[in-house]
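Structural features, examined
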Amino acid sequence: MKNVICKKIYLELRTPGNGDFVADIDRILQALKPEYGEVQISIETIKLSYKLLRDFDWKLTVTLVHKGFAWEIVNLERGNTSDKNFAYAADLGSTTVIMQLIDLNTGNILCEESRVNHQVRFGDDILSRIFYVKDNDAHLRELQQCTLLNFIELMDKIQTATGISPDKCGIFIIGGNTTMIHFLLGIDPWFIFFTPYTPAFNRTGFFAGREIGLPFNGLVYCFPSVANYLGGDIISGLLASAMYAQSELALYMDIGTNGEMLLGNNEFLISAAGAAGPALEGGISKQGMRAKAGAVDSVQIVQNQLKITTIDNAKPVGICGSGIVDLLAEMLLEGWIDYSGRFIPGRSERILMRDGEYVIVYAWEYESASNEDLVFSQTDILRFMDTKAAANTMVAFLLDAVGITPDKIQRVYMAGAFGTYINIESGITIGLYPDLPRERFVQLGNGSIKGACKLLENADQLLVVEDLISNIVYLSLAEAPDFLNKMSAANFLPHTDFSLYPTVIEKLKSRKNLESSSR
């Protein structure tokens, strides 16, 4: 890969002496200048390296990082180590942190590790964490240390798996939402969620990992954000999708703790974002859970009989986001719930009254790992529908802003863990996604980390990122006309306007006809 953002260059330099009094560092900079121009090196890097220079026999490998406007030396090593050029890429999620080790000589992902964000102990939702640190420097330092600990532990796990230590990596690229990057740098994010709703900063530029306490001598780059809710993780995902370079009209959807949407192509990009809550990670339900072993991840109802699958085929422990979407879609199609999401008693032996409200038992006590019935309640459904309505309304808001109808969308990029694993048919059935030809949907996966890898592979993408930041138009939902009315209309399955979901209506008719013929 010729244009990687981090390069290792082997040099054999002229030995000083005999009237040659060029300083050690200047000797290296002069050797690099014909190809790399005015290369920079920090005082910290000089202090870490200068004592070793005379032991190199003037044969050494220089690690360079391209910062967009100049190259910077981040490490010096004895001999020729140019065949070992590594980098980190990470998605700093509010719930889960994922980190990859990349071989920049081949582009291969050598290792991927993940962990639950240590910040979760201060609250599942970001707002709880923001209130915890407000006007309290000690608490802010706690949050920063939690954030750094995620990366330190993941670096350790990667080193255990590969034998490659952090000091062998020259660059670390991070995609994270605006609040997460504030926490990473130890900066209070209060004004992101309080008037005037603006971050302290959008860009970090490049900085040394050791500046914030990482055991890493290379440079760190965080994708810049656009606004309080539209963070660098979405800019990274946008880079991965390349929708900004295509003529076709595309919609980018990342639905998680926050919901972030972008609509556009190579002529324009508009965006909207807002809190979606923990619903899509199972957080609304007592027995909801993240996608891990034992989570119910898919549901079918065949001839009025409910069938489930779980991750790793383990005994069911609870239900995750993809399972919830399947469950609601199948219950709607089978007539176990109505368009408002209310249970219809008598439609199944699994619909029972518990603690004063109806529930659906998706795993009986003898089937579950906990030896108790696993249920999804009427309250759970209504909470989930609020999240689903919010996502649907954000898309409608963007479409109205441009003055087009949903059928004009030619591509839908579904990003994030939820978008990766959800059954597209089920998502459309409940009105989470627009009813479009299924071939228009692309399950992008973790756009945040994919965009980081794309930037690692091509330093020119730094310019693309800056163009994106300058050209994205961010629309505030607080100023959206008729937003609450649109939310109310979307708080049905799939929507109060059936004309928006013709294939869903056909499926409902087909199921009813099938049910009638089987009687």
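Residues numbered from 1 in each chain as written. Predicted model: local features only at pLDDT ≥ 70, side-chain atom pairs only at ≥ 80, totals over all residues. Heavy atoms only, no water.

Topic: the pattern of salt bridges
Note the threshold: Salt bridges are identified by distance alone: a Lys or Arg side-chain nitrogen within 4 Å of an Asp or Glu carboxyl oxygen. A run of H or I in DSSP becomes a helix once it reaches four residues, and a run of E becomes a strand once it reaches two; helices and strands are each numbered from the N terminus. The buried label goes to any residue with under 20% of its type's maximum accessible area, the exposed label to any with over 50%, and the partly exposed label to all in between, with areas taken from a 1.4 Å probe on protein chains only.
Applying the stated rule across the entire model yields 17 salt bridges. Lys-84 serves as the salt-bridge partner of Asp-83, at 3.2 Å between the closest nitrogen and oxygen. A salt bridge links Glu-425 to Lys-507; its shortest N-O distance comes to 3.0 Å. Taken together, the residues Glu-425 in helix H10 (residues 424-429) and Lys-507 in helix H14 (residues 502-518) connect sequence positions 82 residues apart. Note on Glu-425: relative accessible area 30%, which makes it partly exposed. With a relative accessible area of 23%, Lys-507 lands in the partly exposed category. Via salt bridges that share partners, Glu-425, Asp-435, Arg-438 and Lys-507 belong to a single interconnected network.

A closer look at the nonpolar core
Formally: Remark: nonpolar core denotes a set of buried residues (Ala, Val, Leu, Ile, Met, Phe, Trp, Tyr, Cys) joined through side-chain atoms within 4.5 Å.
In terms of nonpolar packing, the biggest core is built from 63 residues, with Met-331, Phe-376 and Tyr-433 touching the most fellow members. Ranked by residue count, the leading element in this core is helix H8 (residues 378-402), at 11 residues. Grouped together as the second largest cluster of nonpolar side chains are 45 residues, Ile-173, Leu-455, Val-464 and Ile-469 included.

Here's the deal with the environment of Leu-374
Inclusion rule: The contact rule is simple, with two residues in contact once any of their heavy atoms fall within 4.5 Å.
Along the polypeptide, Leu-374 turns up in strand E19 (residues 374-377). In this structure Leu-374 comes out as buried when scored by relative accessible area, which is 0%. The spacing of Leu-374 and Ser-470 is 96 residues in sequence and 49 Å in space, taken between C-alpha atoms. Aside from chain neighbours lying at most four places away, what touches Leu-374 is Gln-287, Pro-316, Val-317, Gly-318, Ile-360, Val-361, Tyr-362, Ala-363 and Ser-368.

Overview of a nonpolar patch on the surface
Where we set the bar: Like-charged residues within 9 Å of one another, or nonpolar side chains (Val, Leu, Ile, Met, Phe, Trp, Tyr) within 5 Å, are grouped into patches, provided each residue has over 30% relative accessible area and no salt bridge. Using a 1.4 Å probe, the Shrake-Rupley method yields the accessible areas, and only the shown protein chains count as cover for residues.
Judged by side-chain polarity, Tyr-339, Phe-492 and Phe-498 come together as a nonpolar surface patch covering roughly 230 Å² of accessible area. Tracing the backbone shows Phe-498 in the loop between helix H13 (483-490) and H14. You can call Phe-498 partly exposed: its relative accessible area is 31%.

Brief notes about the sheet that holds strand E4 (residues 71-78)
For the record, the criterion: DSSP bridges decide pairing: two strands pair if at least two such bridges lie between them. To get an axis, fit a line to the C-alpha atoms, keeping to the stretch in contact for a helix; angles then go from 0 to 180 degrees between the N-to-C directions.
Across the sheet, which stays open at both edges, the 4 strands sit in the order E1-E3-E4-E2 with mixed pairing between neighbours. Of all the strands in the sheet, just strand E1 (6-12) and strand E2 (40-41) have a single pairing partner and so form its edges. With 7 bridges connecting them, E1 and strand E3 (residues 59-66) associate as antiparallel partners. Bridge pairing links Ile-9 to Val-62 in E3. Against the sheet, helix H1 (residues 24-36) engages E1, E2, E3 and E4, with an angle of about 115° to E1.

A word on the side chain of Arg-129
The following threshold applies: Residues adjacent in sequence count toward polar contacts only when both atoms are side-chain atoms; beyond that, a polar contact is any pair of N or O atoms within 3.5 Å, and within protein one must be able to donate a hydrogen and the other to accept it.
Tracing the sequence through the fold places Arg-129 in helix H3 (residues 126-133). Judged by its relative accessible area of 0%, Arg-129 is buried. One polar contact links the side chain of Arg-129 to the main-chain carbonyl oxygen of Ser-94, over a distance of 3.0 Å. In this structure the side chain of Arg-129 is engaged in a polar contact, spanning 2.8 Å, whose partner is the backbone oxygen of Gly-123. In contact with Arg-129, other than residues within four places in its own chain, are Ser-94, Asn-117, Gln-119, Val-120, Phe-122, Gly-123, Asp-124, Leu-143, Met-180 and Phe-183.

Describing the sheet that holds strand E14 (residues 295-302)
In space, the 3 strands of this open sheet follow the order E15-E14-E16, with mixed pairing throughout. Edge strands, defined here as strands with exactly one partner in the open sheet, are strand E15 (305-310) and strand E16 (318-319). Here 6 bridges tie E14 to E15, and the two strands are oriented antiparallel to one another. Along E15, the bridge assignment pairs Ile-301 with Leu-306. Helix H7 (residues 321-334) contacts E14, E15 and E16 of the sheet and is inclined by roughly 15° relative to E14.

Structural notes on H7
As a reminder of what qualifies: Here, expected helix span is obtained from the residue count minus one, scaled by 1.5 Å.
Taking 1.5 Å of rise per residue, the 14 residues of H7 would be expected to cover 20 Å, and the 20 Å separating its terminal C-alpha atoms lies within 8% of that figure. By the criterion of burial, H7 is predominantly enclosed, with 14 of the 14 residues buried. Just downstream of H7 lies Gly-335, where phi reads positive at about 80°.

A closer look at the packing of aromatic side chains
Going by this rule: Stacked, tilted and edge-to-face are the three classes applied to pairs of Phe, Tyr and Trp rings, where Trp contributes its six-membered ring and a pair requires centres within 6.5 Å; stacked means planes under 30 degrees apart, edge-to-face means over 60, and tilted covers the rest.
Under the counting rule described, the total for this entry stands at 13 aromatic pairs. Aromatic side chains Phe-193 and Tyr-229 sit 5.3 Å apart centroid to centroid with 90° between the ring planes, which places their arrangement in the edge-to-face category. Residue Phe-193 is located in the loop between helix H5 (178-184) and strand E9 (206-208), and its partner Tyr-229 is located in the loop between strand E10 (219-222) and helix H6 (232-241); the two are separated by 36 residues in the primary sequence. The class of Phe-193 is partly exposed, set by a relative accessible area of 22%.

Points about unusual backbone geometry
Note the cis peptide between Leu-493 and Pro-494, where omega equals -5°. Along the chain, Pro-494 falls in the loop between H13 and H14. Notably, Ala-242 is not glycine yet its phi reads approximately 65°, a positive angle. Relative to the helices and strands, Ala-242 resides in the loop between H6 and strand E11 (250-255). Residue Ala-242 is classed as buried on the basis of its relative accessible area, which comes to 15%.

What to know about H13
Going by this rule: This arc is taken over the directions from the axis of the helix to the C-beta atoms.
Every buried residue of H13 is accounted for by Phe-483, Met-487, Ala-489 and Ala-490. Along the long axis of H13, the arc covered by the buried residues comes to 160°, so they all point the same way. Pointing more than 90 degrees away from the buried face of H13 are the exposed residues Leu-484 and Asn-485. Those residues of H13 that are buried are in contact with H8.

A word on the side chain of Gln-144
Tracing the chain through its elements places Gln-144 in helix H4 (residues 137-162). Owing to a relative accessible area of 13%, Gln-144 belongs among the buried residues under this scheme.

With respect to the pairing of strand E20 (residues 411-415)
The buried fraction of E20 amounts to 4 of the 5 residues, a majority that puts the element mostly inside the structure. Note that E11 and E20 share 5 bridges and pair parallel. Following the sheet pairing, Ala-250 is matched in E20 by Arg-411. Sheet topology places E20 next to strand E21 (residues 441-445); 4 bridges connect them, and they run parallel.

Purely geometric numbers; function is a separate question.
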